[in-house]
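A closer look at the structure
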Amino acid sequence: MALTHPHKLGLTVLALVLGAAGLMAYKVRALGYRLADILPVRQYEVTYALDLDGHGGDVRVRSFLPSSDAHQTISEERDQTSGLHLSQAMEGPNRVATWSGADVPNGARIRHAFKVLPRRVSYELPAGLEVPAAYPPSAAAWLRPEKEIQVDAPEIRATLQRIGADQGSVVERLRRIHALAASLQPRPFKGTTDALTALRLGESSCNGKSRLFVALARAAGIPARLVGGLILEPGAKRTSHQWVEAWVAGHWVPFCPTNGHFAELPERYLTLYVGDEALFRHTADVNFDYRFETHAALVPSPQAKATFTLFDVWGLFDRLRLPFALLRTVLMLPVGALLVVLFRNVVGMPTFGTFLPALLAASAGETGAGYGVLAVLLVVAAVAAVRWGLTRLELLHSPTLAILLAAVVLALLTTSMVAERAGIAALTRVTMFPIAVLAICAERFYLSLTEHGARAAGKELAGTLAVMLACHAVMSSLALQVLVIGFPEVLLLVVAANVYLGRWVGMRLSEYRRFRGLLGGAA
């Protein structure tokens, strides 16, 4: 006996739901998937951008490159320098890079890039640990005074006694020293500040505070050393940072008195070297300039890469070197399209096409929802004005569309330029909107305007923007993104919902409002 349509529909929906549930259960129970591993992690790409004028002579530039350790993983390192030879060597714990060359012209450029996956590290220090009577030679070397770290100066010793850090456990001493260094008034970096100067002035940048910490710790019998590096943040900058490590119970434990971190290192810190070093040394009179260019991107976590092996879309995008944001957009588009179907078939809200609101919502990921709506309105207004002018020329359809495409491009570029002058950074990214999507939206508006009038066109445009905002809110949900990216079979549930809505014969919500008089009379 043949199945009726309702039964076929029900069996199809049931099969899709069971398929999605079965795949998810298999991943969790048999393959060991964990929701915690689905969360993406932030990876940074850092570029050393060094410029100099060689004047046709010999040039040498020395700096430090990062190493992988418990706090950071370095990968995809590449040097794009021409005219200068790069050599590397380990000097103690530091990776020293030297770029050198002969007959170096003016305008020479050094470009060295790498990716870093940082992790926050923190330590639980043993509360009752006493200061050891002796240390291994590698640690004991960091007890000695240095030129800028005056361990034996009477003022350092007197300060140690005044704050009570000359006695007690290691943790008690370090807490008092950390509190004193952190209490110095912050000052912008103006050059090297030694420990005594920072103490006498009662103010310093990160290098003076860190040297004072190190001097006091060494005077208290605890090996300590400076650490140099960067605080990772997208953009270009010249500022580096210094903090401290102290030898506690066989480990180098990080402290940052400048930013108030005790026995922990935040995720955004990139370690480049240890010791009281200058980040750059170079040949004199070469007009040396530098900056660090940093870009951030979300990538799958190492745990996800290792365990998510079934239908591994993350791994596919990773191998193809496609951005994680593109994967997120691709996987969330069916969810947005389902929302549009709900608004059109169940609510009865008119929109320009079935997928246009979802595409607009995905495009607004770079600008934000508010500026995305503004961009759509500006482009629609500009294209409608151009379209109105073209009707008087009676052009063929294809040339008309080509002119409208040019109008979209000009409208986007103008909006971006005005936004830059106004300092609206989010709106400057409007040029990342897919031009074809905006052109179709503007064309649909104009056709509706000419065929159905201003009221109907305005209603459809308002409906499109309202559904776009709803799609943006849902598609931007981190929880939903995590679920769909980790378990793409969730899209089978989206298909099941569309199958059910495909046979929707109920009244739309807007029809209840439209016919409420008749419905009330019938009741």
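Residues numbered from 1 in each chain as written. Predicted model: local features only at pLDDT ≥ 70, side-chain atom pairs only at ≥ 80, totals over all residues. Heavy atoms only, no water.

Quick look at the overall build of the protein now. Each helix and strand counted, the protein has 20 helices and 18 strands in total. For the protein, the spread of C-alpha atoms along the three principal axes comes to 95 × 60 × 40 Å. By the burial criterion, 44% of the 523 residues in the protein qualify as buried. For the protein, the proportion of contacts with a sequence separation of at least 24, taken over those separated by at least 6, is 75%. When the accessible area of the protein is evaluated, it comes to approximately 26400 Å², of which 59% is carbon and sulfur surface. (Helix = DSSP H or I, 4+ residues; strand = E, 2+ residues; numbered from the N terminus. Buried < 20%, exposed > 50% of the residue type's maximum accessible area, 1.4 Å probe, protein only. Contact = heavy atoms within 4.5 Å. Areas by Shrake-Rupley, 256 points an atom, 1.4 Å probe, with all protein chains shown as cover.)

Turning to the state of the cysteines, a few remarks are in order. Under the criterion given, the structure shown has zero disulfides. The cysteine Cys256 is free of any disulfide, with Cys206 supplying the nearest cysteine sulfur at 7.6 Å. Taking the relative accessible area as the measure of exposure, Cys256 reaches 1% and is therefore buried. With no disulfide of its own, Cys471 lies 13 Å from the sulfur of Cys441, the closest cysteine sulfur. (Disulfide = S-S within 2.5 Å.)

Looking now at the environment of Lys237. Along the chain, Lys237 falls in strand S11 (residues 235-237). In this structure the C-alpha to C-alpha distance between Lys237 and Phe292, which are 55 residues apart in sequence, comes to 5.4 Å. In this structure the side chain of Lys237 is engaged in a polar contact, spanning 3.3 Å, whose partner is the side chain of Glu233. (Polar contact = N/O pair within 3.5 Å; in protein donor to acceptor, adjacent residues only side chain to side chain.)

Let us now look at the domain arrangement of the protein. As assigned here, the protein comprises domain 1 (43-119 + 284-300), domain 2 (121-266) and domain 3 (313-504). Summarising the inter-unit geometry, the C-alpha centres of domain 2 and domain 3 are found 54 Å apart. (Domains from an automatic or database assignment.)

As a working rule, side chains carrying opposite charge can pair if their charged atoms are close by. Considering all chains together, one arrives at 16 salt bridges under this definition. Across the pair Arg120 and Glu264 runs a salt bridge, and its minimum N-O distance is 2.7 Å. Of the two residues, Arg120 sits in the loop between strand S6 (108-118) and strand S7 (121-122) while Glu264 sits in strand S15 (residues 264-265), which places them 144 residues apart along the sequence. Judged by relative accessible area, Arg120 falls into the exposed class, the value being 51%. Overall, the relative accessible area of 18% leaves Glu264 in the buried class. Of the charged contacts in the structure, one is a salt bridge between Asp152 and Arg157, with a shortest N-O distance of 3.2 Å. Looking at Arg157, the relative accessible area reads 34%, which means it is partly exposed. (Salt bridge = Lys/Arg side-chain N within 4 Å of Asp/Glu carboxyl O.)

Another point: helix H15 (residues 435-452). For H15, built from 18 residues, the straight-helix expectation of 26 Å at 1.5 Å per residue is met to within 8% by its first-to-last C-alpha distance of 25 Å. For H15, the set of buried residues is Val437, Leu438, Ala439, Cys441, Ala442, Glu443, Phe445, Tyr446 and Ser448. At its buried positions, H15 is contacted by helix H11 (356-363), helix H12 (369-391), helix H13 (397-422) and helix H16 (454-475). Phi turns positive one or two residues past the end of H15, at Gly453, with a value near 100 degrees. (Expected span 1.5 Å × (residues − 1).)

For the rest of this paragraph, the subject is unusual backbone geometry. Non-glycine residue Ala263 carries a positive phi angle of around 55 degrees. The backbone of Asn287 shows a phi angle near 50 degrees, a positive value even though the residue is not glycine. In this structure, Asn287 sits in the loop between strand S17 (281-282) and strand S18 (289-299).

What follows covers the UniProt feature "transmembrane region" (unreviewed entry) in the protein. Those residues carrying the UniProt feature "transmembrane region" (unreviewed entry) are residues 325-348, 368-389, 401-419, 431-449, 461-484 and 490-506 in this numbering. Taken end to end, residues 325-348 has its terminal C-alpha atoms 32 Å apart, with 96% of it in helix and 0% in strand. The span residues 368-389 carries 95% helix and 0% strand; its end-to-end C-alpha distance comes to 32 Å. (UniProt positions renumbered as here; feature names shortened; annotations may be inferred.)

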